[in-house]
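Secondary and tertiary structure notes
So the chains spell out like this:
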Amino acid sequence: EAGVAQSPRYKIIEKRQSVAFWCNPISGHATLYWYQQILGQGPKLLIQFQNNGVVDDSQLPKDRFSAERLKGVDSTLKIQPAKLEDSAVYLCASSRPGGETQYFGPGTRLLVL
Amino acid sequence: DQQVKQNSPSLSVQEGRISILNCDYTNSMFDYFLWYKKYPAEGPTFLISISSIKDKNEDGRFTVFLNKSAKHLSLHIVPSQPGDSAVYFCAAPAGGSGNTGKLIFGQGTTLQVKP
């Protein structure tokens, strides 16, 4: 079974630029999550999708972050414009229906200069 | 409000010895816990979990203990191997067992196993 795929793996941008991340979850996993992990901290949820609907986006800075999951499979997370404090690893995870265990992709490491 | 806490940022043990990683939680509604292991430049990998109906769950060299009255859990690795060197995260589903909601993570503990 293929794992969660993410791209790109690394991205360096200047502040005020925009950036987008892509995620392909494990086949059959209806729930998809985007987490932000700042150095020295645990991952924190940004947004959760169930199929193509948003379940929880309470921690998503909606003035600059957006996400979509068209057709209930792949997902993209966008930041526009980026700030210095957005430098972090962005992790995508997926889980089976009713499953507590989330399976993570390798993450995208973002550096904002 | 840090609902899941790992108060030891780092731990160093000798190969072959026991590693004990600790985790405390404040939300008494949490009834399921997971441990993840993370190598540099990789995503967290699920390691082991425990439900609050148990006080112990074992999988090979890894055992997780849960003390509900103290709101404390620990991960024991015996014997420790150099390949176990990684960051370990304790996590709990915000909505409890059977819930696919967000995981609340601790800050992580970096384990170094010396040959």
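These remarks concern the structure in this document. (Residues numbered from 1 in each chain as written. Chains lettered and ligands numbered in written order. Predicted model: local features only at pLDDT ≥ 70, side-chain atom pairs only at ≥ 80, totals over all residues. Heavy atoms only, no water.)

The next thing to look at is the state of the cysteines. Using the criterion set out here, one finds two disulfides over all chains in the structure. The partner cysteine of Cys23(A) in its disulfide is Cys92(A), sulfur to sulfur 1.9 Å. The chirality of the disulfide connecting Cys23(A) with Cys92(A) is left-handed, given an S-S dihedral of about -70°. Linking Cys23(A) in strand E3 (residues 19-24) with Cys92(A) in strand E9 (residues 88-95), this pair joins segments that are 69 residues apart in sequence. Its relative accessible area of 0% is what places Cys92(A) among the buried residues. Across a sulfur-sulfur distance of 2.1 Å, Cys23(B) and Cys90(B) are joined as a disulfide pair. A torsion of -70° about the S-S bond marks the disulfide between Cys23(B) and Cys90(B) as left-handed. With Cys23(B) in strand E3 (residues 19-25) and Cys90(B) in strand E9 (residues 86-93), the pair connects residues that are 67 residues apart, well separated along the chain. Pair check on accessibility: Cys23(B) and Cys90(B) agree, each one buried. (Disulfide = S-S within 2.5 Å. Helix = DSSP H or I, 4+ residues; strand = E, 2+ residues; numbered from the N terminus. Buried < 20%, exposed > 50% of the residue type's maximum accessible area, 1.4 Å probe, protein only.)

What follows concerns the packing of aromatic side chains. Geometrically, a pair of aromatic rings is defined through the distance of the ring centres and the angle of the planes. Per the counting criterion, the structure on display carries twelve aromatic pairs over all chains. Judged by centre distance (6.4 Å) and plane angle (40°), the ring pair of Phe65(A) and Tyr90(A) falls under tilted. Residue Phe65(A) is found in strand E7 (residues 65-68), and its partner Tyr90(A) is found in strand E9; the two are separated by 25 residues along the sequence. Taking relative accessible area as the criterion, Phe65(A) reaches 3% and is therefore assigned buried. Through successive ring pairs, a cluster of aromatic residues spans Tyr33(A), Tyr35(A), Phe104(A), Tyr36(B), Phe46(B), Phe89(B) and Phe105(B). (Phe/Tyr/Trp six-rings, centres within 6.5 Å; stacked < 30°, edge-to-face > 60°.)

Attention now goes to the sheet that holds E3(B). Residue and element names in this part refer to chain B. Overall, antiparallel pairing links the five strands, which are arranged E1-E3-E8-E7-E6 in an open sheet. Both edges of this open sheet fall to strand E1 (4-5) and strand E6 (56-59), since each of them pairs with a single strand only. Here E3 pairs with strand E8 (residues 72-77) via six bridges, running antiparallel. The partner of Asn-22 across the bridge, within E8, is Ser-74. (Pairing = 2+ DSSP bridges.)

So, to be careful, I would describe these as geometric facts and stop short of saying anything about function.
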